[in-house]
Amino acid sequence: MVWPSEAIWEAVSASLPGFTVEVLPQIDSTNTDLMRRAKSGQLDPVLLVAERQTAGRGRLGRQWHSDAAGAGAIQSLTFSLGLPLAPQNWSGLSLAVGVSVAQSLHPDLRLKWPNDIWLQDRKLGGILIETGSFGDVRYVVIGVGINMAAREAAGLSTPPAWLAEVQPDMDAGQALQEIAAPLVRAVQTFEAQGFAPFQARFNALDVLAGRAVVCSDGTMGEALGVDATGALLVQTAAGVRKITSAEVSVRPAVAGGLAVALVPRPC
Ligand code: BTN
């Protein structure tokens, strides 16, 4: 697998001093590794790519599985961007990242609040953002996983989609190159201006908008898009409720034309 590390470095380093790109054949989790490094004092901006993760992590304690696709192919593009960041308000960062990643890859991609990238009502990718304070520095690790090739649906809460369905000629390196520089720009825009510049772009890609949704806390209603902080607005019988990502997970009440089992889960 050839990775466009130098091209990415050239596109990013002028706006992000100290930036490096690193590709590893295998690691437990790129997020875990960058947080380990931050704890040991390595706080420079870095894009860490793993060809395979042995303990990939998702949101709400879930796993991010990346099976081998065989013949040197990458089944799942997995990387994390780590950098010091100091926005006035952190709310909506994962939504802004989703907007950037989805728009970099294909016009058919959509977003499922708060941090999933969907294609035709199936999950193509996810985002896991973690932060830590180290002295005066707040360091953020933005982890992204994208299914590149066909994968089994067994064991997944949402049926999978993969990028080859809409970009059959794009390999993982090309996908990373499409994503990386716009993602850094998006994160810098978020740092300066917060979520507001991304609100309309998110709402244009929102798969939940206008649909009946059920939340893991039992809330049911119609999704109305997100507000300027990235909170999901749900019209319930009792009025409009604002949902923040820390509280609950949300799914369409009917997915892919089939009613799904709606069992409220703890946050
Ligand atoms: C989710 O869907 O809940 C988020 C999935 C995030 C997966 C990526 S893969 C790269 C990075 N390292 C991890 O362990 N997780 C993120």
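Going by the structure above, here's the rest.
Sequence positions are assigned chain by chain, starting from 1 and proceeding in written order. This being a predicted model, a pLDDT of at least 70 is required before a residue's local features are given, and a value of 80 or more before pairs of side-chain atoms are given or counted; all residues contribute to the totals for chains, interfaces and linings. Just so you know, side-chain values use all the structure's heavy atoms and leave hydrogens and water out.

Trainee: Break down the environment of phenylalanine 79 for me, with residues and values.
Mentor: Put simply, DSSP marks the helices as runs of H or I at least four residues long and the strands as runs of E at least two long, and each gets a number from the N terminus on. With respect to the element layout, phenylalanine 79 can be found in strand β3 (residues 76-84). When checking whether two residues touch, look at their non-hydrogen atoms; a contact exists if any pair is within 4.5 Å. Beyond its immediate sequence surroundings of up to four residues, phenylalanine 79 is in contact with Thr30, Leu47, Leu48, Val49, Ile142, Gly143, Val144, Leu176, Ile179 and Leu183.

Trainee: Just give me the short version of the sheet that holds strand β7 (residues 137-147), but keep the residues and values in it.
Mentor: As summarised here, the arrangement of the seven strands in space is β1-β2-β3-β7-β6-β5-β4, forming an open sheet in which the pairing is mixed. This sheet does not close on itself; its edge strands, each paired only once, are β1 (20-24) and β4 (110-112). Here the average twist between neighbouring strands, direction ignored, is 20°. Here strand β2 (residues 46-50) runs beside β3; their pairing, made up of five bridges, is antiparallel. Paired with alanine 50 across the bridge in β3 is threonine 78. Criterion used throughout: strands pair if DSSP finds at least two bridges between them. Axis angles are defined between N-to-C directions and span 0 to 180 degrees, where every axis is a line fitted to C-alpha atoms and, for a helix, only to the segment in contact.

Trainee: Can you break down the environment of alanine 238 residue by residue, with the values?
Mentor: Looking at the secondary structure, you find alanine 238 in the loop between β10 (232-236) and β11 (239-243). Distance in space between the C-alpha atoms of alanine 238 and valine 101 is 35 Å, their sequence separation being 137 residues.

Trainee: So, the pattern of salt bridges: which residues are in play, and what are the values?
Mentor: Salt bridge, as used here: a side-chain nitrogen of Lys or Arg that lies within 4 Å of a carboxyl oxygen of Asp or Glu. Using the criterion set out here, one finds ten salt bridges in the structure. Residue aspartate 217 pairs with arginine 241 through a salt bridge whose shortest N-O separation is 2.5 Å. In this pair, aspartate 217 is assigned in the loop between β8 (212-215) and β9 (220-226) and arginine 241 in strand β11, connecting sequence segments 24 residues apart. With relative accessibility at 36%, the residue aspartate 217 sits in the partly exposed group. Exposure is judged per residue with a 1.4 Å probe applied to protein chains only, and the accessible area is read against the type maximum: over 50% gives exposed, under 20% gives buried, and values in between give partly exposed. The class of arginine 241 is partly exposed, set by a relative accessible area of 23%. The partner of aspartate 227 in a salt bridge is lysine 242, and the shortest N-O contact between them spans 3.3 Å. With a gap of 15 residues between them, aspartate 227 in the loop between β9 and β10 and lysine 242 in strand β11 connect regions that are remote in the sequence. We classify aspartate 227 as buried; its relative accessible area is 11%. Taking the relative accessible area as the measure of exposure, lysine 242 reaches 53% and is therefore exposed.

Trainee: Break down the site of the ligand for me, with residues and values.
Mentor: In the region of the ligand, 20 residues are neighbours, and Ser29, Gln53, Arg57, Arg59 and Lys123 sit closest. Within the side chain of threonine 30, a nitrogen or oxygen atom sits 3.1 Å from a nitrogen atom of the ligand. Each polar contact in these results corresponds to two N or O atoms within 3.5 Å; when the atoms are within protein, one needs to be able to donate a hydrogen and the other to accept it, and residues that are neighboring in sequence are counted only if both atoms are side-chain atoms. For the ligand, a nitrogen atom lies 2.9 Å from a polar atom in the side chain of glutamine 53. Areas reported here follow the Shrake-Rupley algorithm with a probe of radius 1.4 Å; residue values treat only the protein chains shown as occluding. Protein contacts shield 98% of the accessible area of the ligand, which totals 410 Å² for the unbound molecule. Mapped by element, the contributors of at least two residues to the shell around the ligand are α2 (30-39), β3, β6 (122-134) and β7. Whether a residue is near a molecule or strand depends on its heavy atoms: if one lies within 4 Å, it is near.

Trainee: Explain the environment of valine 234 to me, using residue names and the numbers behind them.
Mentor: Looking at the secondary structure, you find valine 234 in strand β10. Expressed as a C-alpha distance, the spacing of valine 234 and glycine 56, which sit 178 residues apart in the sequence, is 31 Å. Every residue in contact with valine 234, bar those within four places of it in the chain, is listed here: Val213, Thr219, Met220, Gly221, Glu222, Gly239, Val240, Arg241 and Ile243.

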